[in-house]
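Here are the chains, one letter per residue:
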Amino acid sequence: MNVDFADRVKNLPPYLFKEIDRLKAELQAKGVDVINLGVGDPDLPTPSHIIERLKTAAEDPANHQYPLYSGMNAFRDAVARWYKRRFQVDLDPATQVLTLIGSKEGIAHLPLAFINPGDTALVPSPAYPVYQVAVMFAGGTSHLMPLLKENHFLPDLDAIPEETARRAKLLFINYPNNPTGAVADAAFFEKVVAFAKKYQIIVCHDAAYSEMAFDGYRPMSFLEVPGALDVGIEFHSLSKTYNMTGWRIGFAVGNAQIISGLAQIKSNVDSGVFNAVQLAGVEALDGDQRCVQEMQAIYQERRDILIEGLRRAGLEVQPPKATFYVWCPTPKGLSSTDFTAKLLKEAGIVTTPGSGFGAPGEGYVRMALTVDKARLREAVDRILKLRW
Ligand SMILES: Cc1ncc(COP(=O)(O)O)c(C=O)c1O
C-alpha cells in the first residue's frame, strides 16, 4: 500500500537534532568521548521527597483509575497556593488552573481551541519549535517576530504590520527564554497586555523556566501585570524546576475562558495525568523548596565556568540571568551550523545551531548547562585548543 501522509506531517520542519544525533553517534562509534551540551534535559535527579510521595500514591488503588480531565482538585489547589506564594496572584483553582501532561502538551493543543484554518498567530523566532508547529497543525499561519540582540531578544510589537496585528488570534511569548536565555520585565508585559487588548489577541506566555534563575533574580509572572488575566494564560512546568522532565506534569493558569477552550480540546484527546504523579506534584509545589535553591546554585556555578571559559576563548558571550542555556555568538566568519560542526568534530562537544530555532538565530549556538562542573571544565579546555 502507498501510505500517504497528511500535509501537516509533510510540512513538518526537519527534526532539529537529527543531523547532530547522526554526527554524535558517528563520533561515539569511533570512541570519541562526547560532551553533550545539546539537549535541554536536566542531568540532576528528582528530589527524593517527591519520589517518596509518588511511591505511596502509586500503591493506593484510589489512584489507579482514570484521572479527572482537568486535573485533581488537590493538584489545582496546590498550584493556586504556589502561585499566590510565588507571584502574589490569586487564582480560582476550579476555573483558572488546568493540569497538563507537561507544558508541551498544553502548548501543542492550545491553537486547536482558538485557531481556524487560515488564521494568523504571532510567534517568536528563534523559539521553542512547538509554537509554530502547533499553529500549523491547527491550519493557521505563523507571523514570525524576530528576537534580536538589539531588542534584548524581546519581540518588537511595533514592527508588526497593522494588518497582521488585526488578523492575529494568538501571540506566543516565552520568558525566561529558550534558546536565548533572555528575560522580560513588567514594562514589556504591560506592552503585551495593551497590544493584546487593542487587537483582541489571546496571549500565551510560556514560563517553563520561571524558577531556573540566578544571582537572586526572580522572574515575574505575566499574570502579575494588570489586565493580563483578561487576555492571556501562562504555561508552567514541573520539569525544569524539580528535575521532572520524565514525569510529564505541568499546568496552565489564567483567563478562565481560554483555560476552558484548552480543557475542551484536551478532554477529547487525552485522559489526564496519573493521579499518583499529580500527588507527587502537590508534594513538589507545597513541600520544601530548598531543592529549587540547590538547583539554581548548581546551574549558576556551571554557567560561570562556561561563560568564563568562552570569554577566554575570545567569544563575547553574556551570562544568562535565567534558564540553563548559554546563547553563544559564533566566531567571525562561521555560521551557526559551521560552528556547531567544528565543536563536534574537533572538540567532541554537542551544541545546537541557533539557526535551527529559526532564521534570526543565525550567528549563535545554544549550549545547555546539563553536564557537571568537571565535564564543563573539560569542554572549556577543548574549546581553548580550537583555532578559528
Ligand atoms: C520553552 C519551553 N517550553 C516548554 C517546554 C516543555 O516542557 P515540558 O513539556 O517538559 O513541561 C520546553 C522544554 O524543553 C521548553 O524549552
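Residues numbered from 1 in each chain as written. Predicted model: local features only at pLDDT ≥ 70, side-chain atom pairs only at ≥ 80, totals over all residues. Heavy atoms only, no water.

The relative placement of two packed helices comes down to the angle between their axes together with the axis-to-axis distance. Orientation of helix α5 (residues 103-114) relative to helix α10 (residues 256-267), taken along the N-to-C sense of each, is 100°, at an axis distance of 8 Å. Here α5 is positioned roughly perpendicular relative to α10, judged by the angle of their axes. In contact with Glu105, Gly106, His109, Leu110, Leu112, Ala113 and Phe114 of α5, α10 contributes Gln257, Ile258, Gly261, Leu262, Ile265 and Lys266. Looking at the contact of α5 with α10, its residues break down into seven nonpolar, four polar and two charged. (Axes fitted to C-alpha atoms, helices over the stretch in contact; angles between N-to-C directions. Helix = DSSP H or I, 4+ residues; strand = E, 2+ residues; numbered from the N terminus. Parallel < 35°, antiparallel > 145°, perpendicular 65-115°, else oblique. Contact = heavy atoms within 4.5 Å. Nonpolar A, V, L, I, M, F, W, Y, C, P; charged D, E, K, R; others polar.)

Attention shifts here to the site of the ligand. Of all residues adjacent to the ligand, which total 15 residues, the nearest are Asp206, Tyr209, Ser237, Ser239 and Arg248. Serine 237 places a polar side-chain atom, nitrogen or oxygen, 2.6 Å from an oxygen atom of the ligand. A distance of 2.6 Å separates an oxygen atom of the ligand from a polar atom in the side chain of serine 239. Alone, the ligand offers 400 Å² of accessible surface; in the complex the protein occludes 91% of this. Sort the elements by how many residues they give to the shell around the ligand and α5 lands first, with three residues. Of the residues in the shell around the ligand, the class split is five nonpolar, six polar and four charged. (Near = heavy atom within 4 Å. Polar contact = N/O pair within 3.5 Å; in protein donor to acceptor, adjacent residues only side chain to side chain. Areas by Shrake-Rupley, 256 points an atom, 1.4 Å probe, with all protein chains shown as cover.)

A separate point is the packing of aromatic side chains. Under the definition given, this model contains 19 aromatic pairs. Here the aromatic rings of phenylalanine 153 and tyrosine 364 are separated by 6.0 Å at their centres, their planes lie at 80°, and the arrangement is edge-to-face. One end of the pair, phenylalanine 153, is in the loop between β4 (141-146) and α7 (162-167); the other, tyrosine 364, is in strand β12 (residues 364-368), with 211 residues separating them in the sequence. Of the residues examined, phenylalanine 153 reaches a relative accessible area of 13% and is grouped as buried. Residue classification places tyrosine 364 among the buried residues on the basis of a relative accessible area of 14%. Their ring planes at 90° and their centres at 5.3 Å tell us that tyrosine 299 and phenylalanine 324 sit as a pair that is edge-to-face. Highlighted residues: tyrosine 299 in helix α12 (residues 290-312) and phenylalanine 324 in the loop between α12 and β9 (325-329), separated in sequence by 25 residues. Accessibility expressed as a relative area gives 0% for tyrosine 299, which makes it buried. (Phe/Tyr/Trp six-rings, centres within 6.5 Å; stacked < 30°, edge-to-face > 60°. Buried < 20%, exposed > 50% of the residue type's maximum accessible area, 1.4 Å probe, protein only.)

The next thing to look at is the environment of glycine 71. Checked against the element boundaries, glycine 71 lands in the loop between α3 (48-59) and α4 (73-87). Glycine 71 sits 192 residues away from alanine 263 along the chain, and the two C-alpha atoms are 9.9 Å apart. The contact partners of glycine 71, leaving out residues within four places of it in the chain, are Arg76, Thr99 and Gln278.

By the secondary structure assignment, asparagine 174 is in strand β5 (residues 168-174). Exposure remark for asparagine 174: the relative accessible area of 2% places this residue in the buried category. Polar contacts involving the side chain of asparagine 174 include one to the main-chain carbonyl oxygen of proline 176, which spans 3.2 Å. In contact with asparagine 174, other than residues within four places in its own chain, are Tyr131, His205 and Asp206.

Moving on, we get to the layout of surface pockets. When its volume is computed, the largest pocket comes out at roughly 1,300 Å³. Taken together, 48 residues form the lining of the largest pocket, with Phe17, Lys104, Tyr128, Pro129 and Val130 sitting closest to its centre. By residue number, the principal contributor to the lining of the largest pocket is helix α6 (residues 130-137), which donates eight residues. For the lining of the largest pocket, a count of residues per class yields 26 nonpolar, 16 polar and six charged. Counted as a void, the second largest pocket has a volume near 570 Å³. Each residue belonging to the lining of the second largest pocket can be placed in one class, and the counts come to 12 nonpolar, four polar and six charged. (1 Å grid on protein atoms, 1.4 Å probe; cavity = no way out; pocket = protein on both sides within 12 Å on 5 of 7 lines; lining within 4 Å. Points joined across faces, edges and corners; volume = space filled by probe spheres on them.)

Now for the environment of glycine 246. Residue position: glycine 246 is located in the loop between β7 (232-237) and β8 (250-254). In this structure glycine 246 comes out as exposed when scored by relative accessible area, which is 67%. In the structure, glycine 246 is positioned 203 residues away from aspartate 43 in sequence and 11 Å away in space, judged by C-alpha atoms.

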